[in-house]
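Summary of the model geometry
In case you want the letters, here they are:
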Amino acid sequence: MIETIYVAGVDEVGRGPLAGPVVTAAVILDPQNPIPGLADSKKLTEKRREFLVPLIQKHALAWAMGRAEPEEIDELNILQASLLAMKRAVEALSISPEHVLVDGIHAPKLNCPVTTIIKGDQSEPAIAAASILAKVARDQEMVALDNVYPGYGFAKHKGYPTKQHQQALLSLGVTDIHRRSFGPVQAALLS
């Protein structure tokens, strides 16, 4: 009998925005039950990503989410907060992975081997699945926050530093969900 090795793919979404959390996902796919159509979340339409989420959640052996809040991002810096969110996602999995594949060049410290893969969301289905879960979850949260903080355009730009967002920062001020350590937010605080 061939022993299954549990490999988790991990990816994050939201390093660049001025507001909101950084969100990560960890996914252990079932090699016996592949999910067609997995790809880098940035290369899929919103509709396609939302179609794939329940398939990933249903067919993966395990999946979990992790996050770091704006306060943690300000305290740690965005890279360390992203790694913390990844660690939280992996540790929340219902199955402990024996190996973790992470998109990018930085890896969280975990209790198993970790391999970083540049553009891993384009080559590793488990990382692609994680990128889809993380992107949809974060986007949905930013749409909901648009109702809590009207006028900033979060539903449209998801917290990224668009011209509209930066103008709203200056005219409406800084909210509780803004990352105070980011330059445009600091500039708005000083204006």
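Procedures and definitions
Residues numbered from 1 in each chain as written. Predicted model: local features only at pLDDT ≥ 70, side-chain atom pairs only at ≥ 80, totals over all residues. Heavy atoms only, no water. Helix = DSSP H or I, 4+ residues; strand = E, 2+ residues; numbered from the N terminus. Buried < 20%, exposed > 50% of the residue type's maximum accessible area, 1.4 Å probe, protein only. Core = buried A, V, L, I, M, F, W, Y, C linked by side-chain atoms within 4.5 Å. Contact = heavy atoms within 4.5 Å. Salt bridge = Lys/Arg side-chain N within 4 Å of Asp/Glu carboxyl O.

Focus on unusual backbone geometry
You will see that Asn77, though not glycine, has its phi angle at about 100°, which is positive. Along the chain, the position of Asn77 falls in the loop between helix H2 (70–76) and helix H3 (78–91). Its relative accessible area of 38% is what places Asn77 among the partly exposed residues. A positive phi angle is found at Lys119, which is not glycine, with a value near 55°. Lys119 gets classed as exposed once you look at its relative accessible area, which sits at 53%.

Thoughts on the nonpolar core
Counting residues in hydrophobic clusters, the biggest one holds 20 residues, and the most contacted among them are Val27, Leu29, Leu38, Ile56 and Ile132. Elements with a contribution of two residues or more to this core: strand S2 (22–28), helix H1 (46–59) and helix H5 (125–148). Among the elements that take part in this core, H5 stands out by supplying eight residues, more than any other. Residues within four places of Val27 in sequence aside, it is in contact with Val7, Ala8, Gly9, Ile56, Ala60, Ala62, Trp63, Ala126, Ala129, Ala130 and Leu133. Judged by nonpolar contacts, the second largest core, of 15 residues, contains Ala62, Leu83, Ala89 and Leu93.

Some details on the pattern of salt bridges
Per the stated rule, a full pass over the model turns up eight salt bridges. A salt bridge links Glu72 to Arg88, with the shortest nitrogen-to-oxygen separation between them at 2.7 Å. With Glu72 in helix H2 and Arg88 in helix H3, this residue pair connects regions lying 16 residues apart in the sequence. Residue Arg88 is classed as partly exposed on the basis of its relative accessible area of 33%. Salt bridges linked by common partners bring Asp40, Lys42 and Asp121 together as one network.

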